[in-house]
Amino acid sequence: MGISQYIKVIGRGKDGARSLTREQAADLFGQLLDGSVTDLEVGGFCLAMRIKGETAEEMAGFLDATHQRLHRLPDNGLTTVVLPSYNGARKLPVLTPLLALLLARQGVPVLVHGTATEDRHATSEAVLAALGTAAAHNVQPLAAGALAVVPTEVLLPGLKRLLDVRRAVGLRNPAHSLVKLMNPCEGAALIVGSYTHPEYAVSMAETFALTGAHALLLRGTEGEPVADARRTPQMEAFRDGQRHLLQATQDGPLASLPELPREVDAASTAAYIRSVLHGERPVPAPIALQVEHILREVRRQPTTQTNETTAVPAVSPP
């Protein structure tokens, strides 16, 4: 075993590197997730891929290996909306929890998964904890209208280890893109993928198409899968990998900008979200529009209803 033969292929620099097949990528990434390679090999892989960049075939292979190992949420007979939350708050409050709670309020099961990738950023997990929804320690089926917050290490410890490599080398690696593409559910799911830079929009779209995903893709707020409260971004749907434009990018800001909290810490963000859910402040128009598009996509996907009695119950408004 070992991945040195793959590093020789991908590690020859920007012009000399070659891409792996989907099968080779799955073998390589599986070894990384299983922890069967040395730290030096892990670092070599991360740096080589950072220079070369991932192809859709490689990312599909990485996803194959990940999906084979994930502790997935059991099939609930419904379509679960999956919100990957890894970036957290930077200059703006992280409003992924608001999106999650608005969807759950409409009877949709919602999974928020993630881990802190930056030490000083407020996370969705922290905001939801302040709103009364604690992170789960295991995976369970979700009832209609339920919300679960599942840390990455609960889904797959090896994936969390790869994400943490960034703290050592200071650079992202394919795991940071993969977590925004993967499906942690056994049953039907709608993955809400987001990107920060146009090149990632292209690569994510190609991967969704190649893997036949059911997903919504947008330029999120500072890498989070929620629409910017100040301007409606382009939104696209992928249905069995087929691409459909749902929403064009808004030209210029909204006519009336929402009053967002000035502080981006968890407590301030939770207080703002609570005021929106209680009707004291309006839902920002771009987020309300995103909720509508997600609900339409959920209704498009056929599901098998279940009478699962151990499903996590629906959430009550904070």
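Along each chain, residue indices are assigned from 1 in the same order as the chain's sequence is written. This being a predicted model, a pLDDT of at least 70 is required before a residue's local features are given, and a value of 80 or more before pairs of side-chain atoms are given or counted; all residues contribute to the totals for chains, interfaces and linings. Side-chain descriptors were evaluated using all non-hydrogen atoms of the structure, hydrogens and water having been removed beforehand.

Chemist: How would you sum up the packing of aromatic side chains? Please name residues and give values.
Modeler: Any Phe, Tyr or Trp ring, taking Trp's six-membered ring, that has another such ring centre within 6.5 Å forms a pair; planes under 30 degrees apart are called stacked, those over 60 apart edge-to-face, and the others tilted. Enumeration according to the criterion identifies 4 aromatic pairs in this entry. Between the aromatic rings of Phe45 and Phe62, the centroid separation amounts to 6.0 Å while the plane-to-plane angle is 85 degrees, which identifies the pairing as edge-to-face. Here the residue Phe45 occupies a position in helix H4 (residues 39–52), and Phe62 occupies one in helix H5 (residues 56–69), the gap between them amounting to 17 residues. Under the relative-accessibility criterion, Phe45 is labelled buried at 0%. Partly exposed describes any residue whose relative accessible area lies between the buried limit of under 20% and the exposed limit of over 50%, with all areas from a 1.4 Å probe on protein chains only and scaled to the type maximum. What makes Phe62 buried here is its relative accessible area of 0%. Helix and strand definitions here come from DSSP, where helices need a minimum of 4 consecutive H or I residues and strands a minimum of 2 consecutive E residues; each element is numbered from the N-terminal end.

Chemist: Can you lay out helix H6 (residues 96–105) for me, pointing to particular residues and giving the numbers?
Modeler: Here H6 lies mainly inside the structure; 9 of its 10 residues are buried. Of all the residues in H6, the buried ones are Thr96, Pro97, Leu98, Leu99, Ala100, Leu101, Leu102, Leu103 and Ala104. Whether two residues are in contact is decided by their heavy atoms: any pair within 4.5 Å suffices. Looking at the buried positions of H6, the neighbouring elements they touch are strand S1 (80–84), strand S2 (110–114), helix H7 (124–130), strand S3 (147–151), helix H12 (266–277) and helix H13 (285–300). After H6 finishes, the residue Gly107 shows a positive phi value of roughly 90 degrees.

Chemist: Account for the sheet that holds strand S4 (residues 189–195), with residues named and values stated.
Modeler: Two strands make a pair as long as DSSP finds a minimum of two bridges between them. The 7 strands lie next to each other as S3-S2-S1-S4-S5-S6-S7, forming an open sheet whose pairing is mixed. Single-partner strands in this sheet number two, and they are S3 and strand S7 (242–247). The mean inter-strand angle of the sheet, taken between neighbouring strand axes irrespective of direction, is 20 degrees. With 4 bridges connecting them, S1 and S2 associate as parallel partners. Note that in S2 the partner of Val81 across the bridge is Val110. Of the strands in this sheet, S1, S4, strand S5 (215–219), strand S6 (235–239) and S7 are in contact with H13, which crosses S6 at around 10 degrees. The angle between two axes is taken between their N-to-C directions and runs from 0 to 180 degrees, where each axis is a line fitted to C-alpha atoms and a helix contributes only its stretch in contact.

Chemist: So, the packing of H6 against H13: which residues are in play, and what are the values?
Modeler: When two helices pack together, their arrangement is captured by the angle between the axes and the distance separating the axes. The N-to-C vectors of H6 and H13 enclose an angle of 50 degrees; their axes lie 10 Å apart at closest approach. What the angle tells us is that H6 and H13 run oblique. Seen from above, H6 lies across H13 with right-handed handedness. Touching Leu98, Leu99, Leu102 and Leu103 of H6 are Ile287, Gln290, Val291, Ile294 and Leu295, all from H13. Residue classes follow a fixed rule: Ala, Val, Leu, Ile, Met, Phe, Trp, Tyr, Cys and Pro count as nonpolar, while Asp, Glu, Lys and Arg count as charged, and any other residue, Gly among them, counts as polar. Tallied by class, the residues present in the contact of H6 with H13 amount to 8 nonpolar, 1 polar and no charged. Relative orientations are named as follows: roughly parallel for angles under 35 degrees, roughly antiparallel for angles over 145 degrees, roughly perpendicular for angles from 65 to 115 degrees, and oblique for any other angle. Two helices crossing with the near one rotated counterclockwise from the far one by less than a right angle form a left-handed crossing, whereas a clockwise rotation gives a right-handed crossing.

Chemist: Residue-level account of the packing of H6 against H12, with values.
Modeler: Taken N-terminus to C-terminus, the directions of H6 and H12 make an angle of 30 degrees; their axes are 10 Å apart at the nearest point. Comparing the axis directions of H6 and H12 gives the class roughly parallel. Considering the relative orientation of H6 and H12, their crossing is right-handed. Across from Pro97, Leu98, Leu101, Leu102 and Arg105 in H6, the residues of H12 making contact are Ile273, Val276 and Leu277. Residue composition of the contact of H6 with H12, grouped by class: 7 nonpolar, no polar and 1 charged.

Purely geometric stuff here, so don't read any function into it on its own.
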